[in-house]
Structure formats: C-alpha cells, structure tokens
Amino acid sequence: MSTLLISACPGPPVCAAVHTYLFVDGLDVIARSDSRMAGLEPGRLLGPGGPLCPRDMPHTVEVASQERPEPGPGRLTVRVRLRRETVIWSDLMYPGLDGRGITEVRFRLEQYLGEVERAYAVLKDQLVTPPCEPGGVA
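Residues numbered from 1 in each chain as written. Predicted model: local features only at pLDDT ≥ 70, side-chain atom pairs only at ≥ 80, totals over all residues. Heavy atoms only, no water.

A. Layout of the overall build of the protein chain. When you go through the protein chain residue by residue, the secondary structure sums to three helices and eight strands. The N-to-C order of helical and strand elements in the protein chain reads β-β-β-α-β-α-β-β-β-β-α. Within the protein chain, the fraction of its 138 residues that count as buried is 45%. Taking the intrachain contacts of the protein chain between residues at least 6 apart in sequence as the baseline, contacts between residues at least 24 apart amount to 45%. (Helix = DSSP H or I, 4+ residues; strand = E, 2+ residues; numbered from the N terminus. Buried < 20%, exposed > 50% of the residue type's maximum accessible area, 1.4 Å probe, protein only. Contact = heavy atoms within 4.5 Å.)

In structure tokens form, the structure reads like this:
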C-alpha cells in the first residue's frame, strides 16, 4: 500500500498562486507526471464530497493544470475509486524511484481519509468547505 501526503505552497510572494502538492510514497506525483503542471488550489481538491473523496463509482479528478511556459489548456487527471477499504488512483503515468512507470497506486482508506482531513486542518484558511467523508458524503 502507498501513502499520501498533501501539501501546498504558500502563494504570493513565494509563488504566483497557492497550489497543491500531492506526494505518493514521497514522490511529487504532479511534478514527476509533467513538470509544466502545478497542482490546483486546495479549495478545489479538498471540498465536501469533492474530487479527491473516494466513491464506489470511479471518477476522474483534475489535480493540476499547465503553468509553464505559461498557463495553458493542459490538464493532469487521476481516476479515483473506492474498493472496500482501499482507495485506488489509476490512469497515472509517472516514473517511480526505479525509473519504471507507475500507472496505479492503492491507499488504505484510513490513511487516505486521515491525510485529507489533516491537509484540510492545515490549509483550512485557504478553503471554504470541510473535508470529505467515506463514500463522498460531507
């Protein structure tokens, strides 16, 4: 099983805008997937029943958009689904530490939801909505 860590840059003056970092097993999924991308702002990812909340039915989540060389139409997405006590991210493509492509990761539901709640607590001043509950119910 993999572990998830959610973080965010502080925004101005450090960065042009606040954006989210998604680390899976210590690797920055967004930067390793496409270095032109920047994670979406936390409020778009951590809302109630929001995109990162796992559901029984798979759903595609936009997690980043093109930032460099200038903002553009590029998008980075992952497919999120819940299977029993496991959250599955699929449709990924980034190199692992060994250089092989990673296309799917699995998280223990408890760790995943705990991290979403922890990230919400840390980033709540940048959000207007509470974190998700299992099954996408706020």
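B. Examining the sheet that holds strand S3 (residues 27-28) more closely. Taken together, the three strands give an open sheet; going across it, the order is S1-S2-S3, and neighbouring strands pair in antiparallel fashion. At either margin of the open sheet sits one strand with a lone partner, and together these are strand S1 (4-8) and S3. Pairing of strand S2 (residues 20-24) with S3 involves two bridges; the strand directions are antiparallel. What sits directly across from Phe-23, in S3, is Asp-28. (Pairing = 2+ DSSP bridges.)

C. Representation of the nonpolar core within the structure. The biggest cluster of nonpolar side chains holds 32 residues, and the ones touching the most others in it are Leu-52, Val-63, Trp-89 and Tyr-112. At the level of secondary structure, the elements contributing two or more residues to this core comprise S1, S2, helix H1 (29-33), strand S5 (59-66), strand S6 (75-83), strand S7 (86-95), strand S8 (101-108) and helix H3 (109-123). The leading source of residues in this core is H3, at six residues. Residues contacting Trp-89, with those up to four places away along its chain left out, are Leu-4, Leu-22, Val-24, Leu-52, Val-78, Arg-79, Val-80, Thr-103, Glu-104, Val-105, Phe-107 and Tyr-112. (Core = buried A, V, L, I, M, F, W, Y, C linked by side-chain atoms within 4.5 Å.)

D. Inspection of H3 at higher detail. Between its first and last C-alpha atoms H3 spans 21 Å; for 15 residues at 1.5 Å apiece the expected length is 21 Å, and the two agree. Of the surrounding secondary structure, the elements contacted by the buried residues of H3 are S1, helix H2 (42-45), S6, S7 and S8. (Expected span 1.5 Å × (residues − 1).)

E. Local environment of the packing of aromatic side chains. Across all of its chains, the model carries four aromatic pairs by this definition. Between Phe-107 and Tyr-112 the ring centres are 5.4 Å apart and the planes differ by 45°, which places this aromatic pair in the tilted class. This pair shows no difference in class: Phe-107 is buried, exactly as Tyr-112 is. Each member of the aromatic cluster is reached from another via a ring pair, and the members are Trp-89, Phe-107 and Tyr-112. (Phe/Tyr/Trp six-rings, centres within 6.5 Å; stacked < 30°, edge-to-face > 60°.)

F. Seen up close, the side chain of Asp-34. Mapped onto the elements, Asp-34 comes out in the loop between H1 and strand S4 (37-39). Overall, the relative accessible area of 16% leaves Asp-34 in the buried class. A distance of 2.7 Å separates polar atoms of two side chains, one belonging to Asp-34 and the other to Arg-36. (Polar contact = N/O pair within 3.5 Å; in protein donor to acceptor, adjacent residues only side chain to side chain.)

G. Looking closely at the sheet that holds S4. Taken in spatial order, the five strands make up an open sheet running S4-S5-S6-S7-S8, and their pairing is antiparallel. In this open sheet, the two edge strands, each paired with only one partner strand, are S4 and S8. Taken pair by pair, the neighbouring strands of this sheet meet at an average axis angle of 35°, ignoring direction. (Axes fitted to C-alpha atoms, helices over the stretch in contact; angles between N-to-C directions.)

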